[in-house]
Amino acid sequence: MAMPRPTAAQFAYGSCTVIFSTLAMLLLSRTSSGPGVALIAVAALALGLLVAMTVPLPGSRTATATPARRPADDREPVRVPAPARVSAGAGESTRGRAA
């Protein structure tokens, strides 16, 4: 069984992970010995491989079996009460009260 070819996104994410994790580990550990640098390089390569393999492949999504429903499907109509009538008291009009 042949392994699928890596995509450009997998190359990009894996390469960036290797470069930046190597720099970060070298700066944080402040190592200058040969075995220390080699260990950091191997760890960065393993981390880059892990990141590259976890990038989702295009077209690997599975289709949903249930049709998508609209958000308004389960809503009930809102009942708004009729506005109350305001009447002028004792035969006065609203203009007459303001004066």
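One can find the structure itself at the top, above this paragraph.
Residues numbered from 1 in each chain as written. Predicted model: local features only at pLDDT ≥ 70, side-chain atom pairs only at ≥ 80, totals over all residues. Heavy atoms only, no water.

Would you mind showing me how to read the overall build of the protein here?
The helix and strand inventory of the protein stands at three helices and zero strands. Counted from the first residue to the last, the protein has its helices and strands arranged as α-α-α. For the protein, with 99 residues in total, the buried portion stands at 11%. Considering only residue pairs separated by 6 or more positions, the protein has 58% of its internal contacts joining residues 24 or more positions apart. Accessible surface computed for the protein: about 9,100 Å², of which carbon and sulfur atoms make up 65%. (Helix = DSSP H or I, 4+ residues; strand = E, 2+ residues; numbered from the N terminus. Buried < 20%, exposed > 50% of the residue type's maximum accessible area, 1.4 Å probe, protein only. Contact = heavy atoms within 4.5 Å. Areas by Shrake-Rupley, 256 points an atom, 1.4 Å probe, with all protein chains shown as cover.)

Can you walk me through helix α2 (residues 34-54) in this structure?
One full turn of an α-helix is made of 3.6 residues, so residues set three or four places apart face in the same direction. The terminal C-alpha atoms of α2, which comprises 21 residues, lie 31 Å apart, in line with the 30 Å expected from a rise of 1.5 Å per residue. When we look at burial in α2, the residues that qualify are Gly36, Ile40, Ala44, Gly48 and Ala52. Viewed along the axis of α2, the buried residues span an arc of 135°, placing them on a single side of the element. Of the exposed residues in α2, those oriented more than 90 degrees away from the buried face are Gly34, Pro35, Leu39, Val42, Leu45, Leu49, Leu50, Met53 and Thr54. In the core, the buried residues of α2 are packed alongside α1 (8-29). (Expected span 1.5 Å × (residues − 1). Arc of directions from axis to C-beta.)

Quick question: what am I supposed to make of the packing of α1 against α2 here?
Axis angle and axis distance: for two packed helices, these are the angle between their axes and the distance between the axes, and together they describe the pair. Interaxial distance between α1 and α2 falls to 8 Å at its minimum, and their mutual angle equals 150°. In terms of their interaxial angle, α1 and α2 are classed as roughly antiparallel. When you trace α1 past α2, the crossing you get is right-handed. Each of Gln10, Tyr13, Gly14, Thr17, Val18, Ser21, Thr22, Met25, Leu26 and Ser29 in α1 lies in contact with α2, whose residues at this interface are Val37, Ile40, Ala43, Ala44, Leu45, Leu47, Gly48, Val51, Ala52 and Met53. Partitioned by chemical class, the residues of the contact of α1 with α2 number 13 nonpolar, seven polar and no charged. (Axes fitted to C-alpha atoms, helices over the stretch in contact; angles between N-to-C directions. Parallel < 35°, antiparallel > 145°, perpendicular 65-115°, else oblique. Left-handed = near helix turned anticlockwise from the far one by under 90°. Nonpolar A, V, L, I, M, F, W, Y, C, P; charged D, E, K, R; others polar.)

For this particular structure, what's the right way to read a nonpolar patch on the surface?
Residues Ile19, Phe20 and Leu23 make up a contiguous nonpolar surface patch of roughly 330 Å² in combined accessible area. Within the element layout of this structure, Leu23 appears in helix α1. Since its relative accessible area comes to 46%, Leu23 is described here as partly exposed. (Patch = residues over 30% accessible without salt bridge, like charges linked within 9 Å, V, L, I, M, F, W, Y side chains within 5 Å. Salt bridge = Lys/Arg side-chain N within 4 Å of Asp/Glu carboxyl O.)

Can you walk me through the environment of Leu50 in this structure?
Position of Leu50 among the secondary structure elements: in helix α2. The spacing of Leu50 and Thr17 is 33 residues in sequence and 9.5 Å in space, taken between C-alpha atoms.

Looking at this model, I keep getting lost on the side chain of Thr17. Mind explaining?
Relative to the helices and strands, Thr17 resides in helix α1. Take Thr17: its relative accessible area is 17%, and that puts it in the buried class. Discounting residues that sit within four places of it in the chain, Thr17 has contacts with Thr22, Leu47, Gly48 and Val51.

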